[in-house]
Amino acid sequence: MAIDDRPPAMALHRELLSQAITNMIDNALRHGASGGTVTLRLIERGDGVAIQVEDRGPGIAVADRAQALKRFGRLDSARTTPGAGLGMALVEAVARLHDGRFELGDNAPGLVARIVLPI
(Lines give C-alpha, C1' and ligand atoms only; values in the text may rest on other atoms or scores of the structure.)
Protein backbone atom coordinates (compact mmCIF):
# COMPACT_ATOMS: atom_id res chain seq x y z
CA MET A 1 0.00 0.00 0.00
CA ALA A 2 1.24 3.49 -0.81
CA ILE A 3 -0.15 6.69 0.67
CA ASP A 4 1.44 9.53 -1.23
CA ASP A 5 -0.28 12.37 0.59
CA ARG A 6 -2.42 12.87 3.65
CA PRO A 7 -5.78 14.02 2.27
CA PRO A 8 -8.12 16.30 4.21
CA ALA A 9 -10.99 14.87 6.23
CA MET A 10 -13.93 13.98 4.00
CA ALA A 11 -17.54 12.96 4.67
CA LEU A 12 -17.87 9.49 3.11
CA HIS A 13 -20.11 6.45 3.46
CA ARG A 14 -17.57 4.12 5.07
CA GLU A 15 -19.28 0.80 4.31
CA LEU A 16 -20.01 1.57 0.66
CA LEU A 17 -16.56 2.98 0.00
CA SER A 18 -14.96 0.00 1.76
CA GLN A 19 -16.96 -2.35 -0.47
CA ALA A 20 -15.93 -0.43 -3.58
CA ILE A 21 -12.24 -0.61 -2.63
CA THR A 22 -12.64 -4.31 -1.82
CA ASN A 23 -14.15 -4.88 -5.28
CA MET A 24 -11.24 -3.10 -6.97
CA ILE A 25 -8.70 -5.17 -5.02
CA ASP A 26 -10.62 -8.39 -5.69
CA ASN A 27 -10.67 -7.66 -9.43
CA ALA A 28 -6.95 -6.90 -9.43
CA LEU A 29 -6.18 -10.14 -7.59
CA ARG A 30 -8.49 -12.19 -9.78
CA HIS A 31 -7.56 -10.76 -13.18
CA GLY A 32 -4.23 -9.02 -12.73
CA ALA A 33 -2.27 -10.79 -10.02
CA SER A 34 -0.61 -13.09 -12.55
CA GLY A 35 1.57 -10.08 -13.31
CA GLY A 36 2.91 -9.97 -9.75
CA THR A 37 2.26 -6.85 -7.70
CA VAL A 38 -1.07 -5.28 -6.75
CA THR A 39 -0.78 -1.79 -5.24
CA LEU A 40 -3.39 0.23 -3.35
CA ARG A 41 -2.59 3.92 -3.57
CA LEU A 42 -4.14 7.07 -2.07
CA ILE A 43 -3.21 10.32 -3.81
CA GLU A 44 -4.33 13.90 -3.30
CA ARG A 45 -4.69 15.50 -6.72
CA GLY A 46 -5.77 18.89 -7.96
CA ASP A 47 -9.24 17.55 -8.80
CA GLY A 48 -9.72 15.57 -5.57
CA VAL A 49 -8.50 12.47 -3.80
CA ALA A 50 -7.79 9.35 -5.85
CA ILE A 51 -8.07 5.86 -4.40
CA GLN A 52 -6.53 3.53 -6.92
CA VAL A 53 -5.62 -0.10 -7.33
CA GLU A 54 -2.85 -0.93 -9.78
CA ASP A 55 -2.02 -4.37 -11.12
CA ARG A 56 0.49 -5.75 -13.61
CA GLY A 57 -1.77 -8.22 -15.41
CA PRO A 58 -3.09 -8.09 -18.96
CA GLY A 59 -5.23 -4.98 -18.34
CA ILE A 60 -8.39 -4.06 -20.24
CA ALA A 61 -8.24 -2.68 -23.76
CA VAL A 62 -9.56 0.87 -24.11
CA ALA A 63 -12.31 -0.40 -26.43
CA ASP A 64 -13.54 -2.86 -23.75
CA ARG A 65 -13.56 -0.55 -20.71
CA ALA A 66 -17.14 0.69 -21.13
CA GLN A 67 -18.36 -2.93 -21.25
CA ALA A 68 -16.38 -3.73 -18.07
CA LEU A 69 -18.28 -0.98 -16.22
CA LYS A 70 -21.77 -2.19 -17.21
CA ARG A 71 -23.89 -4.20 -14.81
CA PHE A 72 -23.47 -7.88 -15.67
CA GLY A 73 -20.81 -6.79 -18.17
CA ARG A 74 -18.20 -9.52 -18.43
CA LEU A 75 -15.38 -9.49 -20.90
CA ASP A 76 -14.67 -12.68 -22.81
CA SER A 77 -11.37 -13.10 -20.95
CA ALA A 78 -13.26 -13.13 -17.61
CA ARG A 79 -15.99 -15.62 -18.48
CA THR A 80 -14.09 -18.57 -17.02
CA THR A 81 -13.67 -16.94 -13.58
CA PRO A 82 -16.41 -16.78 -10.94
CA GLY A 83 -18.46 -13.60 -10.67
CA ALA A 84 -21.61 -11.93 -11.89
CA GLY A 85 -20.09 -8.86 -13.52
CA LEU A 86 -21.34 -6.45 -10.86
CA GLY A 87 -18.08 -5.43 -9.15
CA MET A 88 -16.99 -2.58 -11.40
CA ALA A 89 -20.56 -1.32 -11.82
CA LEU A 90 -20.88 -1.11 -8.02
CA VAL A 91 -17.60 0.79 -7.77
CA GLU A 92 -18.82 3.28 -10.36
CA ALA A 93 -22.15 3.72 -8.50
CA VAL A 94 -20.36 4.35 -5.19
CA ALA A 95 -18.08 6.92 -6.83
CA ARG A 96 -21.10 8.74 -8.32
CA LEU A 97 -22.91 8.62 -4.94
CA HIS A 98 -19.97 10.60 -3.54
CA ASP A 99 -20.07 13.08 -6.47
CA GLY A 100 -16.93 11.45 -7.82
CA ARG A 101 -16.05 9.29 -10.78
CA PHE A 102 -14.54 5.89 -11.53
CA GLU A 103 -11.81 5.58 -14.11
CA LEU A 104 -9.95 2.72 -15.71
CA GLY A 105 -6.48 3.42 -17.02
CA ASP A 106 -3.40 1.73 -18.40
CA ASN A 107 -0.64 0.64 -16.02
CA ALA A 108 1.62 -0.50 -18.89
CA PRO A 109 1.31 -3.42 -18.32
CA GLY A 110 -1.80 -3.87 -16.26
CA LEU A 111 -4.77 -1.86 -15.17
CA VAL A 112 -5.30 1.13 -12.89
CA ALA A 113 -8.79 1.27 -11.37
CA ARG A 114 -9.30 4.67 -9.77
CA ILE A 115 -12.05 6.35 -7.73
CA VAL A 116 -11.64 10.13 -7.77
CA LEU A 117 -13.56 11.96 -5.04
CA PRO A 118 -13.89 15.74 -4.85
CA ILE A 119 -12.42 17.49 -1.83
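Bear in mind the structure is a predicted one, so any value in this text is a computation, not a measurement.

(A) Just the overall build of the chain, in detail. Each helix and strand in the chain was counted, giving three helices and five strands. By the burial criterion, 41% of the 119 residues in the chain qualify as buried. When the accessible area of the chain is evaluated, it comes to approximately 6800 Å², of which 53% is carbon and sulfur surface.

(B) Just the side chain of Glu-54, in detail. Looking at the secondary structure, you find Glu-54 in strand 3 (residues 48-55). Here the side chain of Glu-54 touches Gln-52 through a polar contact of 2.6 Å, side chain to side chain. Setting aside anything within four residues of it in sequence, one finds Glu-54 in contact with Thr-37, Val-38, Thr-39, Arg-41, Asn-107, Leu-111 and Val-112.

(C) Spotlight on the environment of Asp-55. Within the secondary structure layout, Asp-55 lies in strand 3. C-alpha of Asp-55 to C-alpha of Ser-34: the two residues are 21 residues apart in sequence and 8.9 Å apart in space. Ignoring anything within four residues of it in the chain, the contact list for Asp-55 reads Ala-28, Gly-32, Thr-37, Val-38, Asn-107, Pro-109, Gly-110 and Leu-111.

(D) How the structure looks around the pairing of strand 3. With respect to burial, strand 3 is a largely interior element, eight of its eight residues being buried. Across eight bridges, strand 2 (residues 38-45) lies against strand 3 in antiparallel orientation. Each bridged residue has a counterpart across the sheet, and for Val-38 the counterpart in strand 3 is Asp-55.

(E) Local environment of the nonpolar core. Leu-17, Met-24, Met-88, Phe-102, Leu-104 and Ile-115 are the most contacted members of the largest nonpolar core, which has 20 residues in total. Listing elements by their share of this core, those giving two or more residues are helix 1 (14-32), strand 3, helix 2 (65-69), helix 3 (87-97), strand 4 (101-106) and strand 5 (111-117). A per-element tally of this core places helix 1 first, with five residues. Residues contacting Ile-115, with those up to four places away along its chain left out, are Leu-17, Ala-20, Met-24, Val-49, Ala-50, Ile-51, Val-91, Ala-95, Arg-101 and Phe-102.

(F) Up close: unusual backbone geometry. In the segment running from Ala-108 into Pro-109, the intervening peptide bond is cis, with an omega of 0 degrees. Within the secondary structure layout, Pro-109 lies in the loop between strand 4 and strand 5. Of note, the phi angle at Ala-108 is positive, near 45 degrees, even though the residue is not glycine. Among the structural elements, Ala-108 can be located in the loop between strand 4 and strand 5. In this structure Ala-108 comes out as exposed when scored by relative accessible area, which is 57%.

Conventions and cut-offs
Residues numbered from 1 in each chain as written. Predicted model: local features only at pLDDT ≥ 70, side-chain atom pairs only at ≥ 80, totals over all residues. Heavy atoms only, no water. Helix = DSSP H or I, 4+ residues; strand = E, 2+ residues; numbered from the N terminus. Buried < 20%, exposed > 50% of the residue type's maximum accessible area, 1.4 Å probe, protein only. Areas by Shrake-Rupley, 256 points an atom, 1.4 Å probe, with all protein chains shown as cover. Polar contact = N/O pair within 3.5 Å; in protein donor to acceptor, adjacent residues only side chain to side chain. Contact = heavy atoms within 4.5 Å. Pairing = 2+ DSSP bridges. Core = buried A, V, L, I, M, F, W, Y, C linked by side-chain atoms within 4.5 Å.

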